[in-house]
Structure formats: C-alpha cells, structure tokens
Amino acid sequence: MSVSNNVLAEAAAISSKSNLRILAVIAGLLVLFVAVPLGASDYWLSSIIIPTLVMGLAGISLNLLMGYAGLVSLGSAAFMSIGAFSAYNLILRAPFLPLPVVLLVSGLVAAAAGVVFGLPALRIKGFYLGASTLGAQFFFEWVFSNFTWFSNDSQSLTISAPRLAFLGWDLQSPAGRYLLAISVTTALIGLAFLIVKSRLGREWMAIRDMDTAASVIGIRIARRKLQAYAISSFFLGVTGVLWGFAYLGTSDAHTFNLDKSFQVLFIVLIGGTATIFGNFLGAAFIVLTPILLDRIVLAANLSFLGDQGALTNLQRVIFGVIIILILIKEPDGLAALIRRATTAIGKWKRGAT
Amino acid sequence: MGYFLETLTTGLFAGLMYGLVAIGFVLIYKASGVFNFAQGAMVFLAALTFVTLTERGTSFWIAFAITCGVMIATAVAIEALVLRPLRNRDPLTLFMATLGLSFVIEGATQFFLGTDVHMLDIGIDDIATDFGGILISQFDIVASLIVIGLVVVLAIVFSKTRMGISLRAVADDTLAAQSIGIRLPQIWRIVWSVAGIVALVAGLLWGARQGVQYSLSLITLKALPVLIIGGFSSIPGAIVGGLIVGAAESLADIYIGPLVGGSVSTWFAYILAVAFLLVRPAGLFGDRAIERV
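Residues numbered from 1 in each chain as written. Chains lettered and ligands numbered in written order. Predicted model: local features only at pLDDT ≥ 70, side-chain atom pairs only at ≥ 80, totals over all residues. Heavy atoms only, no water.

1. Details of the overall build of chain A
Then, in step 1: Within chain A, the secondary structure is distributed over 13 helices and four strands.
Then, in step 2: Whereas a compact globule of 353 residues would reach a radius of gyration of roughly 20 Å, chain A reaches 22 Å, a difference of no more than 12%.
Then, in step 3: Here the C-alpha coordinates of chain A stretch approximately 80 × 60 × 50 Å along the principal axes.
Then, in step 4: In chain A, which comprises 353 residues, the proportion classed as buried is 50%.
Then, in step 5: Sequence-distant contacts in chain A: of pairs separated by 6 or more residues, those separated by 24 or more amount to 77%.
Then, in step 6: Total accessible area on chain A stands at roughly 16,400 Å², and carbon and sulfur atoms take up 69% of it.
Then, in step 7: A gap of 11 Å separates the mean positions of the 24 positive and 14 negative side-chain charges of chain A. (Helix = DSSP H or I, 4+ residues; strand = E, 2+ residues; numbered from the N terminus. Rg over C-alpha atoms; globule rule 2.2 N^0.38 Å. Buried < 20%, exposed > 50% of the residue type's maximum accessible area, 1.4 Å probe, protein only. Contact = heavy atoms within 4.5 Å. Areas by Shrake-Rupley, 256 points an atom, 1.4 Å probe, with all protein chains shown as cover. Lys, Arg positive; Asp, Glu negative; His and termini not counted. Charge placed at Lys NZ, Arg CZ, Asp CG, Glu CD.)

2. Examining the overall build of chain B
Then, in step 1: Secondary structure summary: chain B contains 12 helices and two strands in total.
Then, in step 2: For 293 residues, the compact-globule formula gives about 19 Å, and the C-alpha radius of gyration of chain B, at 19 Å, lands near that figure.
Then, in step 3: Along the three orthogonal principal directions, the C-alpha set of chain B runs to about 60 × 55 × 35 Å.
Then, in step 4: In chain B, which comprises 293 residues, the proportion classed as buried is 54%.
Then, in step 5: A fraction of 73% describes how many contacts in chain B between residues 6 or more apart in sequence connect residues 24 or more apart.
Then, in step 6: Counting only carbon and sulfur atoms, one obtains 66% of the accessible surface of chain B, whose full area is about 12,300 Å².
Then, in step 7: Considering chain B, the positive charge centre built from 15 side chains and the negative charge centre built from 17 side chains are found 15 Å apart.

3. What to know about the confidence of the model for chain A
Low pLDDT means the predicted atomic positions in that stretch should not be read closely.
Then, in step 1: For chain A, per-residue confidence averages 84 on the pLDDT scale, and residues scoring 70 or more make up 90% of the total.
Then, in step 2: The spread of mean pLDDT over the elements of chain A runs between strand E2 (residues 165–166) of chain A, the lowest at 68, and helix H4 (residues 99–118) of chain A, the highest at 93. (pLDDT = per-residue confidence, 0-100.)

4. Focus on a nonpolar patch on the surface
Then, in step 1: Together, A:Phe147, B:Tyr3, B:Ile254, B:Tyr255, B:Ile256, B:Leu259 and B:Val260 give the surface a local cluster of nonpolar side chains, amounting to about 650 Å² of exposed area.
Then, in step 2: At the level of elements, helix H10 (235–255) and helix H11 (257–260) of chain B are the ones that each hand at least two residues to the nonpolar patch.
Then, in step 3: Note on placement: B:Ile254 falls in helix H10.
Then, in step 4: Since its relative accessible area comes to 30%, B:Ile254 is described here as partly exposed. (Patch = residues over 30% accessible without salt bridge, like charges linked within 9 Å, V, L, I, M, F, W, Y side chains within 5 Å. Salt bridge = Lys/Arg side-chain N within 4 Å of Asp/Glu carboxyl O.)

5. Brief notes about the pairing of strand E2 (residues 134–137) of chain B
Across a regular strand the side chains alternate sides, sitting on one face of the sheet and then on the other.
Residue and element names in this part refer to chain B.
Then, in step 1: With four bridges joining them, strand E1 (residues 128–131) and E2 adopt antiparallel strand pairing. Looking at the pairing, alanine 128 lines up with serine 137 of E2.
Then, in step 2: Remark: two residues form the turn of the hairpin made by E1 and E2, two consecutive strands paired antiparallel; glycine 132 in that turn has positive phi of roughly 55°. (Pairing = 2+ DSSP bridges.)

6. Observations regarding empty space enclosed by the protein
Then, in step 1: If you walk through the whole model with that rule in mind, you get three cavities of 30 Å³ or more.
Then, in step 2: The computed volume of the largest cavity comes to approximately 60 Å³.
Then, in step 3: What lines the largest cavity is simply A:Ala87, A:Ile91, A:Leu99, A:Val102, A:Leu103, A:Leu164, A:Leu180, A:Val241, A:Leu242, A:Phe245 and A:Ala246.
Then, in step 4: Secondary structure elements with two or more residues in the lining of the largest cavity: helix H3 (76–93), H4 and helix H9 (221–248) of chain A.
Then, in step 5: With four residues, H9(A) is the largest single contributor of residues to the lining of the largest cavity.
Then, in step 6: Along the lines of polarity and charge, the residues of the lining of the largest cavity split into 11 nonpolar, no polar and no charged.
Then, in step 7: Along its surface, the second largest cavity is lined by A:Leu74, A:Phe127, A:Leu134, A:Phe262, B:Phe35, B:Phe37, B:Phe95, B:Thr220, B:Leu221 and B:Leu224.
Then, in step 8: For the lining of the second largest cavity, the leading source of residues is helix H9 (residues 220–230) of chain B, giving three residues.
Then, in step 9: Residues of the lining of the second largest cavity, tallied by class, amount to nine nonpolar, one polar and no charged. (1 Å grid on protein atoms, 1.4 Å probe; cavity = no way out; pocket = protein on both sides within 12 Å on 5 of 7 lines; lining within 4 Å. Points joined across faces, edges and corners; volume = space filled by probe spheres on them. Nonpolar A, V, L, I, M, F, W, Y, C, P; charged D, E, K, R; others polar.)

7. Let's talk about the interface of chain A and chain B
Then, in step 1: With 42 residues of chain A at the contact, the number on the chain B side is 46 residues.
Then, in step 2: Across the interface of chain A and chain B, roughly 4,000 Å² is buried in total on both sides, 77% from carbon and sulfur atoms.
Then, in step 3: Where chain A meets chain B, there are one salt bridge.
Then, in step 4: Here A:Arg316 and B:Glu106 are joined by a salt bridge, their closest N and O atoms 2.5 Å apart.
Then, in step 5: Across the chain A-chain B interface, the total number found is three residue pairs in polar contact (both at pLDDT 80 or more).
Then, in step 6: Secondary structure elements with two or more residues in the side of chain A that touches chain B: helix H5 (129–146), helix H8 (211–216), H9, helix H10 (258–271) and helix H12 (308–329) of chain A. (Buried area = accessible area lost by both parts, 1.4 Å probe. Polar contact = N/O pair within 3.5 Å; in protein donor to acceptor, adjacent residues only side chain to side chain.)

8. Quick notes on the packing of aromatic side chains
Then, in step 1: With the rule as written, the count across this model stands at 34 aromatic pairs over all chains.
Then, in step 2: Between the aromatic rings of A:Trp149 and A:Phe150, the centroid separation amounts to 5.3 Å while the plane-to-plane angle is 80°, which identifies the pairing as edge-to-face.
Then, in step 3: Given a relative accessible area of 48%, A:Trp149 falls into the partly exposed group.
Then, in step 4: Members of the aromatic cluster, connected to one another through ring pairs, are A:Phe85, A:Phe117, A:Phe139, A:Phe140, A:Trp142, A:Phe144, A:Phe147, A:Trp149, A:Phe150, B:Trp267 and B:Phe268.
Then, in step 5: Of note, A:Arg93 hangs over the ring of A:Trp149, and the distance from its end group to the ring centre comes to 4.1 Å. (Phe/Tyr/Trp six-rings, centres within 6.5 Å; stacked < 30°, edge-to-face > 60°. Lys NZ or Arg CZ within 6 Å of the ring centre and 35° of its normal.)

9. A closer look at the nonpolar core
Then, in step 1: In terms of nonpolar packing, the biggest core is built from 197 residues, with A:Phe266 and B:Phe95 touching the most fellow members.
Then, in step 2: Take this core: its biggest share by element is 14 residues, from helix H8 (residues 184–210) of chain B. (Core = buried A, V, L, I, M, F, W, Y, C linked by side-chain atoms within 4.5 Å.)

10. Structural notes on the side chain of B:His118
All names here are of chain B.
Then, in step 1: Here histidine 118 shows up in the loop between helix H4 (91–113) and E1.
Then, in step 2: Look at histidine 118 and you get buried, because its relative accessible area is 10%.
Then, in step 3: Of note is the side chain of histidine 118, whose polar atom sits 2.8 Å from the side chain of glutamate 55.
Then, in step 4: Not counting residues up to four positions away in its chain, the partners in contact with histidine 118 are Leu48, Val51, Glu55, Gly211 and Val212.

Structure, rendered in structure tokens:
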C-alpha cells in the first residue's frame, strides 16, 4: 500500500514537473505568437526581430551540417538564393499553390542542389570542401544573374515579394511577415531538434568525431554525409525564401553573395557549434552590431572622423576586432557563455536558500 | 590557332600572377597551418600604402622600403594579437580569425588611406611585342621574370638558410621543432613578414594592371582553386596551379562562355579544382595525403 502510494506520489511529482515544462513552452509560444506581434513596434519587427529570426534559422541550417556532421560549407547563401528564386517562380508560375507547399518545394529544390554540391564530400574532407561549396556560391550567383528566366525577365534582375497570404490571411504587414517567419522558424527548430536527437543526428556526430570508427561500427558514411547536405540545404532554402520575401521584400542574385555566406558562418562560430539556440545569439550579434555601432557613432558625435564611407570602414574594423575577440575569448561561442552564467546563477541561488 | 595560342598565353600570364598571390598563402600555411583569408587584404594594404607614398613624391625604392616596413609591422602585430592567443586551435577557428582580420585590414586601410581608385605606374610599358605571330605584352614578360626571380629567391632561402630550414622543420612537425629550440613566435613573425612582402610584389604587379582599389583584395578568391590544384604546401605547386587555373579560365571564357551566355570565369576555377580533387585529393604537389575513409 505504502509502496504504491510512494509510486503515485513520485508519478505525481514527475507529471507536475513535466506539466511545468509544458506550461513554460506554452507560455513561450504565447509570448512569441501573441505578445511580440502585438507589443513590438513595426520598426522592431521589420529591422531587428525578423532578420534575427531568419539569420538564426540560417545559422541552424549550417550548424546541422558543420556543428553536428562536421562538414564544411562556405556557400550557404547559394542555397538560400535557390530557395528564394524557386519560391518566386513557383508563386509566379503556379499561383494555385498554398504558401506552405511553396516553402516545402523551394526547400526541396535547394536540398537537391545541396546533394549535388555535397557529392565531392564522399571523396574529399575537411577544408578542401570549401572549394566545392564556394563553387556553388559563385555558380548560382552567376546562374541567377545571367539567366533572366529566373527573374521573369525583369530588367533589374530583381525578384519582388509576391503577395504573401495564407488561408485568406494577408501577411504583408510587419506583424504578418513576423508571424510567417516565427511559424516557419518554430516548425524548423522542432524538426532540427528531432533530427539531432534521432539516430541520424547521433550518427552525424559519430562521423564528425571519428569517421573511421563510425564506418567500422557500420554507419553508412556516404549516405549520411549526403543527407547532411540535403537537410542543411533544405533548411537554407526555406531560410532564403524568408530572407528574400518576409524580410527584404525584394532581392536579387547578389543579395545572397559571399558576404552573406560568411555571415552565416560567423553566426555558427559566434553562437557556438552544435547548439540550436546559440544560433539566435549569433544572429542577434550579426544583426545588432551594425545598428549599435551606428547608434554609438551618432550618440558620441564621432562624425568629425569623416564621411559616411569612412564610418562604414570604421565599422568594418570594429566588427572584425569583435569577431577575433570572441574567437579568442569564447571558443565555444556565446551559447557557452550563457550556459556558464545560468549555472553560476543557479549555484548562487542554491547557496542563498 | 593563333587566337587560341594568344588566349592561352594571356591566361598563362594571368595565372602566374595568381600563383604569386598563392605563394603568400603557401608560406603561411606551411608555417602555421592557417588558410589565411587576409592575404588579399594584405595585397590591398601593401599596394595602397605604396601608391599613396609615390603619389606624394616618394621615390620608388624608398616607398618600397617603407611599405616593407609597414608589412613587417603588420606581421608582428598579427602574430602578437591574433596568432599567439589562438595557437593550438582548430583550423576552422583560425580561418575565421583571418576572415575577421581581413575586415580589420581592409577597413583600416580604407579608413586611413581613402577609397579612391589609384593608377599605379611602376615604369614598365604595357606594349605588345610580336613573338612569332603571337602578341605578348612587355609588361607580362617583365612581370613573369619578377615572379620567377621571387620564386628562385624563396627557394634558395628555404633550402639554404637557417631560417628556411627552421621553417621547414616547423612545417614538418611543430612539436619536434619546438623541442629542439625553434621559437615558433619568431618563425611566425618572419613568415608573415615574408608573406607581406610577397603581397607587396603582387600588389604592385596587379595594381599596375588594374589600378589600386578594393577589388585587389578579392584576389584571395582566385588563390583558393590555385592552391587546391597545386597543393597547399608547395611553392612550385602554387605556380603550376596558377598557370593551370589561368590558362583554363581564359580558354573557358572564350570557348565555353559564349555557349552558356556569359563569362564563366567567376566559378570555372572552382569546378575545375573540385574535379582535380576528385582525382588527386592532395593536389599536384601536395605532400600530405588527405586521409580517406
């Protein structure tokens, strides 16, 4: 009797703990889906929150490949551009498709390209993969700026956001575009978690840590590597649609240039490899640093230093210095910093009670 | 046929210049295992410093000496502020650090020296001379002689001098080299300085051709396929790789470009490099076989 009571009490404790966790998740989702779009100003939504979300998602995409599977890519933006141009053409040429289907198909097209440019990974390793992915970077920039069919023969080669709508809801307003971005991001984070925790994710990490051992225990390395490229590129493709249409509104081939690829790389390294939430810290850093530097220059009235061009160069210097400093001081990225801080607070709290 | 040969020679000369930039990478890769993305920024820094000095009336050799001094000071600063704190870290972190470094160098160079495009005259005429029906520019001939001279000097330095032998020891086995008393920081300072001076020569030759401007730092992107084809750790490899890339790019632009409706030189070298990698993963002259699964 008493034993079963104990078990019941324990079960109740466990379920109340998991209830708490579920409550926390629900509260978090309520904040993200209701409070943020209602509370944040249009400026915050369009210039800070949406780009941070989307770049964070780009970071997750690359992190799946780099952080978990240990493969290099310097051409993330190429796969983003494939997503954006696919979505544009799908909406243009098949207007009956609902938005979620467009996103899915654009991601799949990017995934197919990812597999093709990931093929060399079966033969070559490490930094050399930079060549194939950089090849993708320059190849697709060239394709989308040379073949005007992709931009519907527009004179400027730009693609403009189609009317974003879903089930009759208009998603053109900042809040609408935010809701689109946050829904896609939430879904993809969930998917990323499932993948990372699954057998696939564990096998990626085994390949990353020691591929010879992984092949000895029967992991099919070639297939897993190609899957890593496919999944990462799928994520990047969807991210590209969001960047082109939910954030910028218009874009062209050069929106997704090498600088963008490097930004995604920075997000992974600054946020921390093999973390999911660290990417949003890295993305916030990439999005906020230029804005903050601008503000500081304005506030400190440093404009005597020179014209706008000189200030841009000064920002470049400061940005480079910050990146080097983070690499030196925080090898595991901002995610590790936050983790240490929360452990410290936890300890301090336990000590206090 | 004549047209083909002319395209080929133009490509080969351009390739020699790619090789020159790639040598700077090879030096640094050998000594510190870093793929130095900032090499292009160093080319830009050197060329802009030099041209700023000569435009203010400094004579060629004094400007050359001062610019060498600037490159050495840069090398010392990089060793102390970036390389030393990052030693023993994985290659990708070091690569990222050199990306950050390239932002710093490009930003600082343009902040202090301005963003204008400068014409650079180093006293060699760009006159075409007829060689058995093929027109070759005098500038190309002199430039290639300079590159060959530089390669010979570097080869002698590495095989005969104490510094060169220490450097090869470091490249072979860093730990063993340190244990017999080779001081790594000093080697790094020297190698980055030499790479800086190679960058200066590259900057002068490229700058004289296309003007001194920001786009000089994009040469980095041409050097990667060159290195992959030639091997990351071989100076002759850098030159041969450069020649292959230069020739292939120039021929592809003429003969493949029109078929696909545009200049293919932005990406052709990379596809070529990947094709090479599939056949010879260590590059033509690479000394370290990449571990295969």
